[in-house]
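A structural walkthrough
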Amino acid sequence: MKFKSQFPPVTGQQDTEDSDDMALFRQEIKGVAPLKQDTYVPETARPEVKIRRQQKTHRQARASFEFSDAFEGFIPPEGALRYCRQDVPGYELKQLRRGDYNPDYILDLHGLTKAQAKHELAALLHTAWQEHVDCVCIVHGVGSGVLKQALPHYLIQHPKVMAFHQAPLEYGGQGALLVLLEVESPFSKKR
């Protein structure tokens, strides 16, 4: 069975037709100047992007808090790990000890270095302040005790921390702290 092509065979006649078409095309576009710019570039929103970056940097700076490793506040050596600011009534510490305050946020610091823990702690305290949260739980674990020893001294430095106490067993016991925070809203969740 032989196959017949549906297209006419290629001959020299097509070459002359192509050259005639090209000559006709050149004649039609004679005198046309090329465009200087054939693309449209919309105005860029760079100032807006720059402002958003600055706002993000500003938010991050507000959320960060510089905890000092050299500062050592007074922590009673006997009994449970606890602290109460001088202007805070002692019964607040007692309520923390009994578990009368339920933490709204729980931060788990297991596996973090001291530097990472400081960053996460600052972010938690800032978020809690923004959200008008008055009690958080920080789980530091027992382990080698590096975070357990450093964390109370960090918390004492922060101006929004009113008191903290070793957490009841349901929140982590010796491996966690319940932290009472100062809330500036008239609609705060004081219990």
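Structure: above.
Summarised in this report is the structure supplied together with it. (Residues numbered from 1 in each chain as written. Predicted model: local features only at pLDDT ≥ 70, side-chain atom pairs only at ≥ 80, totals over all residues. Heavy atoms only, no water.)

Per the secondary structure count, the protein chain includes five helices and five strands. Going from N to C terminus, the protein chain has its helices and strands arranged as α-α-β-α-β-α-β-α-β-β. At a minimum sequence separation of 6, the contacts of the protein chain that also span at least 24 residues come to 73%. Within the structure as shown, the protein chain displays about 13900 Å² of accessible surface, and the carbon and sulfur contribution to it stands at 54%. (Helix = DSSP H or I, 4+ residues; strand = E, 2+ residues; numbered from the N terminus. Contact = heavy atoms within 4.5 Å. Areas by Shrake-Rupley, 256 points an atom, 1.4 Å probe, with all protein chains shown as cover.)

One non-glycine residue, His132, adopts positive backbone phi at about 60 degrees. Relative to the helices and strands, His132 resides in the loop between helix H4 (114-130) and strand S3 (135-139). Residue classification places His132 among the partly exposed residues on the basis of a relative accessible area of 36%. (Buried < 20%, exposed > 50% of the residue type's maximum accessible area, 1.4 Å probe, protein only.)

Attention shifts here to the pattern of salt bridges. A pair can form between side chains of opposite charge whenever their charged atoms are brought close. Considering all chains together, one arrives at three salt bridges under this definition. Close ionic contact of Arg85 with Asp87 constitutes a salt bridge, the shortest N to O distance being 2.8 Å. The class for Asp87 is exposed, based on a relative accessible area of 58%. Here Arg85 makes a salt bridge to Glu182, at a shortest N to O gap of 2.8 Å. In this pair, Arg85 sits in the loop between strand S1 (82-84) and helix H3 (90-98) while Glu182 sits in the segment after strand S5 (176-181), placing the two residues 97 residues apart along the sequence. Residue class for Glu182 comes out partly exposed when judged on its relative accessible area of 25%. Residues joined in a network through salt bridges with shared partners are Arg85, Asp87 and Glu182. (Salt bridge = Lys/Arg side-chain N within 4 Å of Asp/Glu carboxyl O.)

It is worth stressing that arrangement in space is one thing and function is another; only the former is reported here.
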